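Structure assessment
Letter by letter, the chains look like this.
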Amino acid sequence: IYLDHAASTVVRPAVRAELARWLTDEVGNPSSSHAAGRALRTAVEEARERVATALGAHPQDVVFTSGGTEADNLAVKGLVWAGLARGRRHVVTTAVEHPAVLEPARWIAGHEGLDLSVVGVGRDGRVDVDEVLAAVRGDTALVSVMAANNELGAVNDVATIGAALRERGVPFHTDAVQAFATQDVDVAAWSVDALALSAHKFGGPAGVGIAYLRRGVPVVPLSHGGGQDRGVRSGTLAAALDAACGVAVEAAAGDRADLRDRLGALSDRLAAGLLAIDGVRRNGPDDRRRRLPSHVHVSIDGVDGEALTFALDQAGLCVSAGAACGAGAQKASPVLAATGIDGDAAIRLSLGWTSTETEVDRGIDLVTETVAKLRAVGGGAVR
Ligand code: PLP
């Protein structure tokens, strides 16, 4: 039973078919001017248009990357370096960002001797809009605030932050990697200058993502070479992956409203089943409009989260003790540390487009049984 869709989702059949088509039937380089190259180029440009339509963007604002991590790095380092050239020496981000944002922000601040403001969050994992805006200075090169958090599913008010920053002329980036599957993502409504997506979080393959980079906003490229994609991201265009990403984006945006309702009901069912276990509390925002319908994060008294995920894995249930996106899941979660939640006894269960009631019910049974077994032997702490 797979209840870890925040880590990665199942590839949609239409995406699989698109990938297979371009990998199997076609040969060439999308930058070649001959017929073979032109066919691949057309596939990439159609994908770019699909993405642009879904985001409310212009196709030229869409840059394909190798995933969410590269898109975040490009936005953070690229915009900060561009700002630095204009004398801007300050960066604002939040304590609950994915390492794909927090690490480049820390790295570039250290490397260039810039000031970095890391805004904290409430116990629910949400960022306070006023605190973000209060941190902004006259020389702020970039503000980066995630649209939704990968562990708690907390949804931030990026539209309000974006509108205020646009008025003040401060570039704004948001990591929408977790949000895209169930939240309406519109670059104009959010007033963002940069935004990151990752296909494997919404039914596409891993290894391809999108950096939305608004034209006219200066960005320094991270890779130099053949000058593909406005010179912002050199390298041979990965036609099959980009085409597959385009299909995944279109499909995800197309069934988002239905999925939101369906997963909302399923996660209510999952949370209710887990809360029926003694000593279980749900983490993240109480207000359902402020949390992703895909995420259920719980603290469980008297068990070790790491031991529980291991025992659940043995029982056939895939969940996560924290974010699976790092190299090792053994480290204490900085996200939970920022909220004040004890990360030692917490797990994340997350749903996706293939999730069913049967899986959810089986998941509840397996957690209930496994928690009882671990508690009988003292919680299973391995630390
Ligand atoms: N940002 C967030 C919020 C994520 O959850 C992830 C997860 O992996 C990433 C960025 C990185 O994306 P990718 O795995 O495509 O590099």
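Residues numbered from 1 in each chain as written. Predicted model: local features only at pLDDT ≥ 70, side-chain atom pairs only at ≥ 80, totals over all residues. Heavy atoms only, no water.

Let's talk about the sheet that holds strand E9 (residues 295-300)
Put simply, the test is: Strand pairing is defined by DSSP finding a minimum of two bridges between the two strands. Secondary structure is summarised from DSSP: a helix means a run of H or I of at least four residues, a strand means a run of E of at least two, and numbering begins at the N terminus for each. To get an axis, a line is fitted to the C-alpha atoms, and for a helix only the part in contact is used. The angle between two axes follows their N-to-C directions and goes from 0 to 180 degrees. Contact criterion: two residues are considered in contact whenever any of their non-hydrogen atoms come within 4.5 Å of each other.
The strand order across the open sheet formed by three strands is E8-E9-E10, and the pairing between neighbours is antiparallel. Looking at strand neighbours, the two that pair on one side only are strand E8 (280-283) and strand E10 (346-350), the edges of this open sheet. Put simply, the sheet's adjacent strands are angled 30° from each other on average, direction ignored. The strands that helix H8 (residues 256-275) touches are E8, E9 and E10; relative to E8, the one it contacts most, it runs at about 145°. Across the face of the sheet, helix H9 (residues 305-315) comes into contact with E9 and E10 while running at roughly 45° to E10.

With respect to the site of the ligand
Basically, it comes down to this: Any residue with a heavy atom lying within 4 Å of a molecule or strand is counted as near it. We define a polar contact as two N or O atoms separated by no more than 3.5 Å, with the added condition that, inside protein, one atom must be a possible hydrogen donor and the other a possible acceptor, whereas residues neighbouring each other in sequence contribute only through side-chain atom pairs. For this scheme, ten residues count as nonpolar: Ala, Val, Leu, Ile, Met, Phe, Trp, Tyr, Cys and Pro. Four count as charged, namely Asp, Glu, Lys and Arg, and the remainder, Gly too, count as polar.
Around the ligand lies a shell of 14 residues, among which Gly 68, Thr 69, Asp 175, Gln 178 and Ser 198 are the nearest. Ser 198 has a polar side-chain atom sitting 2.6 Å from an oxygen atom of the ligand. The separation between an oxygen atom of the ligand and a polar side-chain atom of His 200 is 3.1 Å. Looking at the shell around the ligand residue by residue, the class counts come to three nonpolar, eight polar and three charged.

Side note on the pairing of strand E4 (residues 140-144)
Convention followed: Each residue gets one of three labels from its accessible area relative to the maximum for its type: buried under 20%, exposed over 50%, partly exposed in between, using a 1.4 Å probe on protein chains only. Handedness of a crossover is defined as follows: orient the strands so they point away from the viewer, and if the path from the first strand over the helix to the second runs clockwise, the crossover is right-handed.
In terms of burial, E4 is largely enclosed, as five of its five residues are buried. The pairing of strand E2 (residues 90-94) with E4 spans three bridges and is parallel. Paired with Val 92 across the two strands is Val 143, which belongs to E4. Taken together, the two bridges between E4 and strand E5 (residues 172-175) define a ladder with parallel strand orientation. The residue of E5 that forms the bridge with Val 143 is Phe 172. Handedness of the β-α-β unit built from E4, helix H6 (residues 158-168) and E5 comes out right-handed.

Here we look at the nonpolar core
As a reminder, the rule being used: Only buried residues count toward a nonpolar core. Its members are Ala, Val, Leu, Ile, Met, Phe, Trp, Tyr and Cys residues joined through side-chain atoms within 4.5 Å.
By size, the foremost hydrophobic cluster in this structure holds 66 residues, and its most contacted members are Leu 55, Val 143, Phe 180, Leu 195 and Phe 202. With nine residues, the top contributor of residues to this core is helix H7 (residues 239-254). In contact with Leu 195, not counting residues within four places along its chain, are Leu 55, His 173, Thr 174, Ala 176, Val 185, Val 187, Trp 190, Ile 210, Ala 211 and Tyr 212. Counting residues in each nonpolar core, the second largest holds 27 residues, with Leu 259, Ala 271, Ile 277 and Leu 308 among its members.

Here we look at the pattern of salt bridges
Rules: Salt bridge, as used here: a side-chain nitrogen of Lys or Arg that lies within 4 Å of a carboxyl oxygen of Asp or Glu.
Considering all chains together, one arrives at 21 salt bridges under this definition. Among the ionic pairs, Arg 348 bridges to Asp 4, the shortest N-O distance being 3.2 Å. Highlighted residues: Arg 348 in strand E10 and Asp 4 in the segment before helix H1 (13-24), separated in sequence by 344 residues. Two residues, Glu 250 and Arg 50, come together in a salt bridge whose shortest N-O distance is 3.2 Å.

With respect to the side chain of Ser 320
Residue placement: Ser 320 occurs in the loop between H9 and helix H10 (334-339). Residue Ser 320 is classed as buried on the basis of its relative accessible area of 5%. If we skip the residues at most four places from it in the chain, Ser 320 touches Asp 4, Thr 309, Ile 347 and Arg 348.

What about the sheet that holds E4?
Sheet architecture is open: seven strands sit in the order E1-E7-E6-E5-E4-E2-E3, paired in mixed fashion. Where the open sheet ends on each side, the last strands, each with one partner, are strand E1 (62-65) and strand E3 (115-119). Adjacent strand axes in the sheet meet at a mean angle of 20° when their direction is disregarded. Pairing of E1 with strand E7 (residues 209-213) involves four bridges; the strand directions are antiparallel. Residue pairing across strands places Thr 65 opposite Gly 209, the latter belonging to E7. The strands that helix H2 (residues 35-55) touches are E1, strand E6 (194-198) and E7; relative to E1, the one it contacts most, it runs at about 115°. Here helix H3 (residues 68-84) sits on the sheet and contacts E1, E2, E4, E5, E6 and E7; the angle it forms with E4, its principal contact strand, is near 160°.

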